[in-house]
Amino acid sequence: DGDAKIGNADSKAKIIIFSDFECPYCKSFWDSLRKTIEAQKDKAFFVYKHLPLRSIHSQADNAALASVCAMEQEKFWEYGDKLYASQAEWSKQKSTQKFKDYARALKLDTEKFNKCLDEKKYQEQIEASKDEAMGLGISGTPAIFVNDQFSSGVISADDLKALIEEQLAK
C-alpha cells in the first residue's frame, strides 16, 4: 500500500518497477514505461516503487518524497513526467524549491504539498520500499519485475510489452 499504481488490478500481468527519479537510466526507461502503460493499462497492472540511490544522487530522496506528496493529490504520474523531463534542472539544486515550483505548475494544493514535503511525511514509506528492494537483492535502477521475471536496466516499450503479453498468454 502507498505505492503508485495504475491499470487492471485483476490482471495476470503485474509489473513492479523500482526506480530513482534522479537516475539517468530511469529517465530513459520512463518513456518506455509511460508508452506501455498507455497501451496496456487495461490489460496489466503497474506498481512504481522508490529506490533512491542516495550515495550517488543527492536529490533522490527529495524527488521521491515530492512524488509521493503529489500522489496524495492524485498527480503522481504527471509529477513523475515533470521530474524526469526536468531532471537536469532540479538534480543540481541543494534545496527543495524546484519541487515546490513543479507542484504549483501542476496546480496542486501548494500549501498541502509544501507541508508534506517539508515534514518528509512519507520518508518511512520510501525507506520501506528501499528495504524491500534490498531484500530482493536489488541495488540498481531501474529494476523491473513482470510477475516473477526480472529485468535490470533500461528496456524498450516493445520488450516490456512482449514480457507482459507473455504473462497474459499463460
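Residues numbered from 1 in each chain as written. Predicted model: local features only at pLDDT ≥ 70, side-chain atom pairs only at ≥ 80, totals over all residues. Heavy atoms only, no water.

> Tell me about the overall build of the protein, residues and numbers included.
In terms of helices and strands, the protein carries 8 helices and 5 strands. Ordered by position from the N terminus, the helices and strands of the protein form the series β-β-α-β-α-α-α-α-α-α-β-β-α. In the protein, which comprises 170 residues, the share counted as buried stands at 50%. Residue pairs in contact within the protein that sit at least 24 positions apart in sequence constitute 76% of those at least 6 positions apart. When the accessible surface of the protein is totalled, it reaches about 8400 Å², and 48% of it is carbon and sulfur. (Helix = DSSP H or I, 4+ residues; strand = E, 2+ residues; numbered from the N terminus. Buried < 20%, exposed > 50% of the residue type's maximum accessible area, 1.4 Å probe, protein only. Contact = heavy atoms within 4.5 Å. Areas by Shrake-Rupley, 256 points an atom, 1.4 Å probe, with all protein chains shown as cover.)

> Run through unusual backbone geometry, naming residues and quoting values.
The phi torsion of most residues other than glycine is negative, and most of the peptide bonds are trans. In this structure, the amide linkage connecting Thr 141 to the following residue, Pro 142, adopts the cis form with an omega of -10°. On the secondary structure map, Pro 142 appears in the loop between helix 7 (123-135) and strand 4 (143-146). Even without a glycine there, the phi angle at Glu 74 is positive, about 60°. If you trace the backbone, Glu 74 turns up in the loop between helix 2 (60-71) and helix 3 (76-85). Its relative accessible area of 70% is what places Glu 74 among the exposed residues. In this model, Lys 120 sits at a positive phi of 50°, which is unusual for a non-glycine residue. Following the sequence through the fold, Lys 120 ends up in the loop between helix 6 (110-118) and helix 7.

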